[in-house]
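# Fold and geometry: a report
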Amino acid sequence: MAELIGPRLYSCSNCRNHVSLHDDIISKAFQGRNGRAFLFSHAMNIVTGPKEDRHLMTGLHTVADVYCGDCREVLGWKYERAYEASQKYKEGKFILEKSKIVKENW
């Protein structure tokens with residue numbers, strides 16, 4: 001009998017809450033607060049904090065910190081608004097820091 005294998009996921013490294021699907025990765029070439037980070041098109045089981053303007057490596061953005069929905073660990077942020085035309089593709093997307101997530105079902 002064949003084993004059923006679910007989708008490849010990323011989970012909170014603190015509590016293993018599922019926070020995103022591998023298929024939702026747009027890029028692995030981003031920088032977070034604490035090192036490498038991934039840009040995702042979607043995230044799940046998360047809570048967003050208040051919006052604030054931040055000067056990031058690519059200019060001024062309005063972002064909201066993203067927290068695990070279970071343990072409230074800060075996982076990254078959501079791009080709410082990009083002020084530079086070349087950065088508009090990030091709006092509505094999520095940065096999850098590599099050090100804050102782990103692979104599941106790989």
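Bear in mind the structure is a predicted one, so any value in this text is a computation, not a measurement.

### Here's the deal with the packing of aromatic side chains
Applying the stated criterion to the full structure yields four aromatic pairs. Between Tyr10 and Phe38, the aromatic rings sit 5.9 Å apart at their centres with planes inclined by 70°, giving edge-to-face as the arrangement. Residue Tyr10 is located in strand 1 (residues 9-12), and its partner Phe38 is located in strand 4 (residues 35-40); the two are separated by 28 residues in the primary sequence. The buried category is assigned to Tyr10, whose relative accessible area is 2%. Given a relative accessible area of 5%, Phe38 falls into the buried group. An aromatic cluster of at least three residues, connected via ring pairs, comprises Tyr10, Phe38 and Phe40.

### Thoughts on the sheet that holds strand 9 (residues 101-104)
Judged by pairing direction, the sheet is antiparallel, and its three strands sit side by side in the order 2-1-9 without closing on themselves. Strands with a single pairing partner mark the edges of an open sheet, and in this sheet they are strand 2 (18-21) and strand 9. Looking at each pair of strands side by side, their axes are set apart by 35° on average, direction ignored. Pairing geometry for strand 1 and strand 9, over four bridges, is antiparallel. From the neighbouring strand, Ser11 faces strand 9, where its bridge partner is Val102.

### A short note on the UniProt feature "domain: Yippee" (unreviewed entry) in the protein
The sites that carry the UniProt feature "domain: Yippee" (unreviewed entry) are, in the present numbering, residues 8-105. Between the C-alpha atoms that bound residues 8-105 the distance is 5 Å, and the span itself is 0% helix and 61% strand.

### Section: the sheet that holds strand 7 (residues 74-82)
Strand order in the open sheet formed by six strands is 3-4-8-7-6-5, with antiparallel pairing between adjacent strands. The strands lining the two open edges of the sheet, one partner per strand, are strand 3 (25-32) and strand 5 (46-56). Direction aside, the axes of adjacent strands within the sheet are offset by 30° on average. In this structure, strand 5 lies alongside strand 6 (residues 59-68), joined through nine bridges in antiparallel fashion. Note that in strand 6 the partner of Lys51 across the bridge is Ala64.

The rules we used
- Residues numbered from 1 in each chain as written.
- Predicted model: local features only at pLDDT ≥ 70, side-chain atom pairs only at ≥ 80, totals over all residues.
- Heavy atoms only, no water.
- Phe/Tyr/Trp six-rings, centres within 6.5 Å; stacked < 30°, edge-to-face > 60°.
- Helix = DSSP H or I, 4+ residues; strand = E, 2+ residues; numbered from the N terminus.
- Buried < 20%, exposed > 50% of the residue type's maximum accessible area, 1.4 Å probe, protein only.
- Pairing = 2+ DSSP bridges.
- Axes fitted to C-alpha atoms, helices over the stretch in contact; angles between N-to-C directions.
- UniProt positions renumbered as here; feature names shortened; annotations may be inferred.

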